[in-house]
Amino acid sequence: MLFRYTSSPVAEFTASDFSLIQKISTKRNAEFGVTGQLEFDGTRFFQEIEGGVAPIALLVGVILSDPRHRDISVEAFQRIEMRSHAAFVTGGLSEQRKPGDTG
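(A) Expanded view of the environment of Lys-23. With respect to the element layout, Lys-23 can be found in helix α1 (residues 15–32). By relative accessible area, which is 60% here, Lys-23 ends up exposed. Separated by 67 residues in the primary sequence, Lys-23 and Thr-90 have C-alpha atoms spaced 9.3 Å apart.

This is how it looks when you write it as structure tokens:
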């Protein structure tokens, strides 16, 4: 399964806030066997997660009900034949990839 979305934080979001999310999401996703990426450009989150149906369904529920997100835009939620990511990575957005880009 693949789930891709963008969102905005509901409150001011600091580098230390993002660092904490990086640590938690990297650990949790490794435990669930989920790969993908999480990026933050200072105003928007971009996340793409890939994995089995059960872990992705659980994480989608957590993400969509998380009160720290606003303006969630689901870009993809579908079965996939093969994963695009070997691990779960986090970081800032490159100039080539912006929130909402699907290519």
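What follows picks up the thread again.
(B) Summary view of the nonpolar core. Ranked by internal contacts, the top residues of the largest apolar core, which has 14 residues, are Phe-3, Ile-49 and Ile-56. Of all the elements in the fold, those that place two or more residues in this core are β1 (2–9), β2 (35–40), β3 (45–50) and α2 (53–65). Per-element accounting of this core gives the leading share, four residues, to α2.

(C) Quick look at a nonpolar patch on the surface. Together, Phe-32, Leu-58 and Val-62 make up a nonpolar patch on the protein surface, roughly 250 Å² of accessible area in all. Mapping Phe-32 onto the fold places it in helix α1.

(D) Main features of α2. Here α2 contains 13 residues, and its C-alpha end-to-end distance of 18 Å stays within 8% of the 18 Å for a straight helix at 1.5 Å per residue. Residues of α2 that are buried include every one of Pro-55, Ile-56, Leu-59, Val-60 and Ile-63, and no others. The buried side chains of α2 occupy one side of the element, clustering within an arc of 135 degrees when seen end-on. Opposite its buried face, α2 presents the exposed residues Ala-54 and Ser-65, each directed more than 90 degrees away. Looking at the buried side of α2, the elements it contacts are β1, α1, β3 and β4 (69–78).

(E) Region of interest: unusual backbone geometry. A positive phi angle, close to 55 degrees, is found at Asp-71, a residue other than glycine. On the secondary structure map, Asp-71 appears in strand β4.

(F) Structural context of the sheet that holds β3. Here five strands make up an open sheet; going across it, the order is β4-β1-β3-β2-β5 and the pairing mixed. Whereas interior strands pair on both sides, the edge strands pair on one side only; in this sheet they are β4 and β5 (88–91). Strand-to-strand twist in this sheet, taken as the mean axis angle between neighbours without regard to direction, amounts to 10 degrees. Pairing analysis gives four bridges linking β2 to β5, with the strands arranged parallel. Bridge pairing in β5 places Gln-37 opposite Val-89. Along the sheet face, α1 touches β2, β3 and β5 and points at about 175 degrees away from the line of β5.

Calculation rules
- Residues numbered from 1 in each chain as written.
- Predicted model: local features only at pLDDT ≥ 70, side-chain atom pairs only at ≥ 80, totals over all residues.
- Heavy atoms only, no water.
- Helix = DSSP H or I, 4+ residues; strand = E, 2+ residues; numbered from the N terminus.
- Buried < 20%, exposed > 50% of the residue type's maximum accessible area, 1.4 Å probe, protein only.
- Core = buried A, V, L, I, M, F, W, Y, C linked by side-chain atoms within 4.5 Å.
- Patch = residues over 30% accessible without salt bridge, like charges linked within 9 Å, V, L, I, M, F, W, Y side chains within 5 Å.
- Areas by Shrake-Rupley, 256 points an atom, 1.4 Å probe, with all protein chains shown as cover.
- Salt bridge = Lys/Arg side-chain N within 4 Å of Asp/Glu carboxyl O.
- Expected span 1.5 Å × (residues − 1).
- Arc of directions from axis to C-beta.
- Contact = heavy atoms within 4.5 Å.
- Pairing = 2+ DSSP bridges.
- Axes fitted to C-alpha atoms, helices over the stretch in contact; angles between N-to-C directions.

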